[in-house]
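Architecture at a glance
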Amino acid sequence: MFDGILSVTIFIPVISALIILFFFKNNNSIRYFANFTTGIVFLLSLMMFLNYDTEISGFQMIDYFEAWIPFEYLRSSYIVGIDGLSAPLVLLTGILGFVSTLASLKVEKRVKEYHIWLLVLISSVFGVFVSLDLLLFFIFFEFELIPMYMLISIWGSGRPKYSAMKFVLFTLFGGALMLVGILSIYMSTDVGTLIMVSIPELSLVGIPELIQYSDLLLPASFIFILFFIAFAIKLPSWPVHSWLPDAHTDAPTAVSVMLAGVLLKMAGYGLIRINIGFFQNTKGFTIHDVSIFISILAAISVVYGGIITVRQTDMKRLIAFSSISHMGFVMLGVSAIGTSSSNTSVAGINGAALQMFTHGTITGLAFLMVGYTYERTHTRHIPHLGGLWHKIPIIATFFFISGFASLGLPMLSGFVSEIMIFLSTFTIWPIATIVSAFGVVLAAGYILWMIQRIFFGVKPPDEIFSDEIYDQIEDVKKINLLPILLLTIPVFLVGIWPSFLTEIINLGVEGVIR
Amino acid sequence: MNYEFLSYLVILLPLSAFIINGLFTRNLLGSASIYAGYITISSIFLSFMISLILLFQIMVKSEQFIFDPISWISISHLYISFGIILDNLTIVMMVVITSVSLLVQIYGLSYMHGDKSLTRYYTYMSLFTASMLGLVLSKNIVQLFVFWELVGVSSYMLIGFWMNRPSAADAAKKAFIMTRFGDFGFLFGILYLFSVNPAYLDINTLYSAVNNGEISSYSATIISAGFLVGAIGKSAQFPLHTWLPDAMEGPTSVSALIHSATMVTAGVFLIARFFPLFDISNIMIYVALIGAVTSVFAASMGLVVDDIKKVLAYSTVSQLGYMMFALGIGAYAPAIFHLFTHAFFKACLFLGAGSVHHASGTFNMKYMGGMRKIMPVTYIAMMVSSLSLAGLFPLSGFWSKDEILAHAAHQENLLGYFVLILGLIAAFMTAFYMFRAIFLVFHGEWKGGGESEQKELIKNSQSVHPTIVEPHLEESPKFMIYPMVILGALAIVIGFIVNPLIDLLFIEKHAFAHFITDNYEVFNGDKTKIYKAGGSPKFDLLIAIISSIIAISGILLAYALYVKEKNISIQKNLSKGVIYKVLSNKYYLDYLYEDIIIRKLFYKKLSGFLRWFDENTDNINVQISTIVTRFSRSILFLQNGQTQVYVYGMFIGILVLFLLFYLRGGLI
């Protein structure tokens, strides 16, 4: 491992985007170059994940430049590093970044700009997960909106402008609140720093320690709520979820993969790193006081999302709504912080962190398979489909795998994170957990019903999805197996042998919880 | 010999057959490769052999194997491990699973011959066998739940095996979702157990905790209630039984293995596995009541259905109810004994139904008749198994059923007599519907099979189910016959041989009952507990005579109604009655569940309302943005670029400033 690997990984995609901008003209060479870049980034993220030293734990591969803004004006620094919490998410971003470019081979419209924005998006998502400075975190968190807006509104389908604008406005609203929160922490005289974590090796003392028992500019509970709203919107949690189905439905496949796979995880990461990390022992307020509300919100999100999912008739919209339900499990895991920190809290938050990884791969796979199906059938309206199993057995098989993983079938990854969350949260919030666990029954309902309507039975007569199209349908080519396997392997690996992830995650979670 | 390795091998062999078939056979040899069958059969044969070795080891040395677990998840106090518990209960289940599975897979070679997805069939079958073996060998409750779900998904795949048929796809989905409801209860039990003490996830730890009185009766009741709901779902007990008759949409060999002999017994196994826990809870009475009610309830529906597989399906539900109420009254050994004997004769009956279909081209008994001359071997095998199921001396079903009924009678309390009466009613119905089936299929006149059913359906412009095909009347091929013969032979002798009344040569008296209760972990060596659990059953001549008379009268009634030609008018009159209508509509439960609860209340009302609510709350966001846009439009005239307006603005502004200063008192 070499110094600066983390910064290199963050900025490679952006630099490639610039190279594409200035030096590339041919569409095919742009595609190859973008895939080459994301492939390298994937390998780098894998290397970082594997090289994370579990013996030392703490933050590793740190890059620290103190004075990226003159220090007398703003005590902000460029500092990035990974711990057990962010390492899996960095790996996830690496995987999904590669998958998203591989899934874009069929994009024909304005290929150059498309890939530029996609690469910029990947860079900014990386930045969110590794930033250890609040301002830096905020910049990356907001910056991701620009490529997302472009990607949805230009390359989207349906009502792309509306959906893109909705997505941006919702997130910006949350971001504005978060900015107030950041400033009010920074400007409190007792804190006066933007470093998000304490790093003993660099003798840096972070907000979590400084914020304890100190007087803040605004009441701690208020700051907590500012951050919480920002992340609840992004997660998304009921009742601020309505941007997600629209954004997903109208986004192109690769962007849906990125959106469900990693962008939502920024919120879960923020909840754990900031809401839990900062607010365990502040003056007059701790997260323990409000964990019951978090559990209630989680239970509502899970069941509400699940029940609405049942009625969806658009494949993508269905999976988007199921994401609301499944991200509710992340929230439920967060609520395991309970009324006081305990072993159970650690296990529950581990579950939440794992659920982010598993949901990223499972839903990424689901959107990928929806995309492949849509390419062939030219409709996503489920009642128009049917009898596709024998036509596209490979797509069907992996669609099945993603479906069963998402409904929590053991030996696939979704089950592991869900059972971890349930086991730990039940001790603390039994009712919310039982209500949420019912989401698993609902998941069985909507997933199996969708699969049945798409793949079983016989094709119904339909105008868009005509018999001629049906007859000509072919299964995926060998090259398409690469992105599919990139997502399927983690689904099986975590399902069968979860320890390789949970061991690392646990180090991160133990660092966050005191 | 390394027994730990051997017991892992029992699971790993079919699992590797699954992986080989799934990953390689299809790609290398095609989707209809008979080699997939050979791979599956040989792996299951080896598993069967290993099971016999282990059985021998446990019997002779009377030792049990508990192997140290492998850590699966370990985070702070959340420790989940996978291990092996190989006790007397497990080994009995293993022998049943591997032997029936082996015979069914051999049967499948002929029965599924020519199916274009043969590879897929054997792939799923291997997965099922592996998961079922994993289920009975599990040492940890979460591990058990993992395999519990995996058998569920293999069942889903196999019910929906002919996925182009909408009815098969519906049935598969129904089976999975209904058992999921049960699993929800099971999960609740696990969560509660974990909250009591995380270490109790380990089954052996749980046993010793129960035996040391560490678990309160209150906790035990809640946990057992959860587990019971899981068992109800999996073993298709009332009120979650409606999926099993529909599950007959799968290939008949699947029904024989999964939906009669093995998977559906998992619920019974679950209660048996946690018998000590159930024993200290207040839930046992409900186990007994649900089982007893189900046994009659399901049997009553079996009286009127015309589909031979559905008769057998209701029979399975009813017999599982028998096992359930046996456990509920504490008859541990008789329940497992009945599970053991039932597996063989019920599998034989299903294989026979497949064989009958092979010749007649239909499952509808109305269009069969007189087939005993065409397929004598099938006839004899099915006859013997039916007699065994009806519980006639000295066939295997007689011994196991009588033990249960005698145990109920010896309870000498209200519950005991209640379940005894229901059990006897179910026995009468069982004898009746089984022989109704036998007489309709094998006796009387040949009524044209699938061909005439097709004609009839087309005449009434109804859809023709794909299983209705042209008959070709001949005895089934040898791979189908041999398994039936073996199972039929077992249906005759196995009951008496493994659990004889008197000492046979090598086999001591009540060997099975002694063996199954010789489990220190479960019974803690407590003699009264073992006695209560039926460890040394007493043969009750009175009960035996009563139940035999009841069974014979059931058979005779069926004979009177369905063989004597002159009684056809009675048949017709019967089929006009209200009771008949209620029974043939399955007590309207399917209607209640699917049409009223799921479609109307859940889908239309609840889900529809929430979607409406969601869209309208989303409209609020749109409204807000509209208001902002309107507001910005309404003040747009201030920035319209005309100098006059700006001058007006400046003038008014200055005026307002002056006014303010004046009010403050003074210009500066």
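What counts and how
Residues numbered from 1 in each chain as written. Chains lettered and ligands numbered in written order. Predicted model: local features only at pLDDT ≥ 70, side-chain atom pairs only at ≥ 80, totals over all residues. Heavy atoms only, no water. Helix = DSSP H or I, 4+ residues; strand = E, 2+ residues; numbered from the N terminus. Buried < 20%, exposed > 50% of the residue type's maximum accessible area, 1.4 Å probe, protein only. Contact = heavy atoms within 4.5 Å. Areas by Shrake-Rupley, 256 points an atom, 1.4 Å probe, with all protein chains shown as cover. Phe/Tyr/Trp six-rings, centres within 6.5 Å; stacked < 30°, edge-to-face > 60°. Lys NZ or Arg CZ within 6 Å of the ring centre and 35° of its normal. Pairing = 2+ DSSP bridges. Buried area = accessible area lost by both parts, 1.4 Å probe. Salt bridge = Lys/Arg side-chain N within 4 Å of Asp/Glu carboxyl O. Polar contact = N/O pair within 3.5 Å; in protein donor to acceptor, adjacent residues only side chain to side chain. Axes fitted to C-alpha atoms, helices over the stretch in contact; angles between N-to-C directions. Parallel < 35°, antiparallel > 145°, perpendicular 65-115°, else oblique. Left-handed = near helix turned anticlockwise from the far one by under 90°. Nonpolar A, V, L, I, M, F, W, Y, C, P; charged D, E, K, R; others polar. Expected span 1.5 Å × (residues − 1). Bend = angle between axes of the 7 residues up to and from the residue. pLDDT = per-residue confidence, 0-100. Core = buried A, V, L, I, M, F, W, Y, C linked by side-chain atoms within 4.5 Å. Patch = residues over 30% accessible without salt bridge, like charges linked within 9 Å, V, L, I, M, F, W, Y side chains within 5 Å.

1. Thoughts on the overall build of chain B
Broken down by element type, chain B carries 28 helices and two strands. Taking the principal axes of its C-alpha atoms as reference, chain B extends roughly 125 × 70 × 60 Å. For chain B, buried positions account for 59% of its 668 residues. Within chain B, counting contacts between residues at least 6 apart in sequence, those at least 24 apart form 79% of the total. On chain B, roughly 26,800 Å² of surface is accessible, and the fraction owed to carbon and sulfur atoms is 68%.

2. Considering the packing of aromatic side chains
Scanning all chains against the criterion turns up 68 aromatic pairs over all chains. When the ring of A:Trp389 is compared with that of A:Phe456, the centres are 6.4 Å apart and the planes differ by 50°; the resulting orientation is tilted. Note that A:Trp389 is positioned in the loop between α14 (343-377) and α15 (393-406) and A:Phe456 in the loop between α17 (430-455) and α18 (467-472), a separation of 67 residues in sequence. Between A:Trp449 and B:Tyr603, the ring centres sit 5.7 Å apart and the planes meet at 90°, which makes this aromatic pair edge-to-face. Here the residue A:Trp449 occupies a position in helix α17, and B:Tyr603 occupies one in helix α27 (residues 589-634), the pair thus bridging two chains. A:Trp449 sits in the partly exposed class, given a relative accessible area of 24%. Look at B:Tyr603 and you get partly exposed, because its relative accessible area is 23%. By the ring-pair criterion, three or more aromatic residues cluster together here, those being A:Phe137, A:Phe141, A:Phe224, A:Phe227, A:Phe228, A:Phe231, A:Phe278, A:Phe279 and A:Phe285. The ring of A:Tyr374 is capped by A:Arg380, whose NZ or CZ atom sits 5.0 Å from the centre of that ring.

3. Focus on the pairing of strand β1 (residues 65-75) of chain B
Residues and elements named next belong to chain B. Pairing between β1 and strand β2 (residues 78-86): eight bridges, direction antiparallel. Paired with Ile66 across the bridge in β2 is Ile85. Counting the residues between successive antiparallel strands, the hairpin from β1 to β2 contains two residues, one of them, Ser76, with a positive phi of roughly 40°.

4. Observations regarding the interface of chain B and chain A
Often, the extent of an interface is quoted as the loss of accessible area on bringing the components together. On the chain A side, the residues contacting the 52 residues of chain B number 59 residues. Regarding the contact of chain B and chain A, the summed buried area is about 5,000 Å², with carbon and sulfur atoms giving 74% of it. Run the count over chain B and chain A and you get one salt bridge. Across the salt bridge formed by A:Lys166 and B:Asp618, the nearest N and O atoms sit 2.6 Å from each other. Applying the counting criterion to the chain B and chain A interface returns 14 residue pairs in polar contact (both at pLDDT 80 or more). It is helix α6 (residues 166-196) of chain B that contributes the most residues to the side of chain B that touches chain A, 16 residues altogether.

5. A closer look at the pairing of strand β2 (residues 78-82) of chain A
Residue and element names in this part refer to chain A. Burial runs high along β2: five of the five residues are buried. By the alternation rule, side chains of β2 split into Tyr78, Val80 and Ile82 and Ile79 and Gly81, which are all buried. Alignment of strand β1 (residues 60-65) against β2, held across four bridges, turns out to be antiparallel. Residue pairing across strands places Gln60 opposite Ile82, the latter belonging to β2.

6. Focus on the packing of helix α3 (residues 88-111) of chain B against helix α20 (residues 478-498) of chain B
Residue and element names in this part refer to chain B. Packing of α3 against α20 leaves a shortest axis separation of 7 Å and a crossing angle of 155°. Regarding the angle of α3 to α20, the classification is roughly antiparallel. Read as a crossing pair, α3 and α20 show a hand that is left-handed. On α20, the residues that touch Leu103, Ile106, Tyr107, Leu109, Ser110 and Tyr111 of α3 are Phe479, Met480, Pro483, Met484, Ile486 and Leu487. The residue inventory of the contact of α3 with α20, partitioned by class, reads eleven nonpolar, one polar and no charged.

7. Some thoughts on α20(B)
Residue and element names in this part refer to chain B. Between its first and last C-alpha atoms α20 spans 28 Å; for 21 residues at 1.5 Å apiece the expected length is 30 Å, and the two agree. The largest bend in α20 comes to about 40°, at Ile492. Three or more residues of α20 are buried, namely Met480, Ile481, Pro483, Met484, Leu487, Gly488, Ala491, Ile494, Gly495 and Val498. Packing partners of the buried residues in α20 comprise α3, α15 (332-360), α16 (376-390), α17 (396-411) and α21 (511-517).

8. Some words on the confidence of the model for chain B
All names here are of chain B. Summary statistics for chain B give a mean pLDDT of 87 and a share of 98% for residues scoring 70 or more. The weakest mean pLDDT in chain B belongs to helix α25 (residues 568-574) at 69; the strongest belongs to helix α8 (residues 217-234) at 93. Predicted as a complex, the structure gets a pTM of 0.91 and an ipTM equal to 0.91.

9. Here we look at the pattern of salt bridges
Here the structure, examined in full by the defined rule, presents 21 salt bridges over all chains. The shortest N-O distance in the salt bridge between B:Lys139 and B:Asp202 comes to 2.7 Å. You can see B:Lys139 sitting in the loop between α4 (118-137) and α5 (141-159) and its partner B:Asp202 sitting in the loop between α6 and α7 (203-211), a full 63 residues away along the chain. Pair check on accessibility: B:Lys139 and B:Asp202 agree, each one buried. The shortest N-O distance in the salt bridge between B:Lys174 and B:Asp590 comes to 2.9 Å. Residue B:Lys174 is located in helix α6, and its partner B:Asp590 is located in helix α27; the two are separated by 416 residues in the primary sequence. Of the two residues, B:Lys174 and B:Asp590, neither departs from the other in class, the shared state being buried. Three or more residues joined by partner-sharing salt bridges are found here, namely A:Lys166, A:Asp246, A:Arg317 and B:Asp618.

10. Quick notes on the environment of A:Met369
Residue and element names in this part refer to chain A. If you trace the backbone, Met369 turns up in helix α14. Classification of Met369 by relative accessible area gives buried; the value is 0%. Sequence separation between Met369 and Ile300 is 69 residues; the distance between their C-alpha atoms is 28 Å. Not counting the four nearest positions on each side in its chain, Met369 is found in contact with Ile395, Phe398, Phe399 and Ile484.

11. Observations concerning unusual backbone geometry
Between A:Leu235 and the following residue, A:Pro236, the backbone shows a cis peptide bond with an omega angle of -10°. Secondary-structure assignment places A:Pro236 in the loop between α9 (220-234) and α10 (243-250). Across the junction of B:Phe393 and B:Pro394, the peptide omega takes the value -5°, indicating a cis bond. Along the chain, B:Pro394 falls in the loop between α16 and α17.

12. Considerations on the nonpolar core
With 429 residues, the main nonpolar core has A:Phe404, A:Phe455, B:Tyr156, B:Phe227 and B:Phe274 as its most contacted residues. Those residues within four positions of B:Phe274 in sequence are excluded, and the remaining contacts are B:Ile141, B:Leu144, B:Ile203, B:Leu206 and B:Phe227.

13. Re the packing of helix α13 (residues 315-334) of chain A against helix α16 (residues 413-428) of chain A
Residues and elements named next belong to chain A. In contact at an axis separation of 9 Å, α13 and α16 are set at 40° when each is read in the N-to-C sense. It follows from the interaxial angle that α13 and α16 lie oblique. For the crossing formed where α13 meets α16, the hand is left-handed. On α16, the residues touching His326, Phe329, Leu332 and Gly333 of α13 are Glu418, Ile421, Phe422 and Thr425.

14. Focus: the environment of A:Ile19
All names here are of chain A. Structurally, Ile19 can be placed in helix α1 (residues 5-23). Linking Ile19 and Phe33, residues 14 residues apart in sequence, is a C-alpha distance of 9.6 Å. Once residues within four sequence positions are removed from consideration, Ile19 is found in contact with Phe24 and Phe33.

15. Section: a nonpolar patch on the surface
All names here are of chain B. On the surface, a cluster of nonpolar side chains totalling about 820 Å² of accessible area is made up of Ile19, Ile20, Leu23, Phe24, Leu28, Leu29, Tyr35 and Tyr38. For the nonpolar patch, the secondary-structure elements that each account for two or more residues are α1 (3-29) and α2 (34-61). The greatest single-element share of the nonpolar patch, amounting to six residues, is contributed by α1. The topology assignment puts Ile20 in helix α1.

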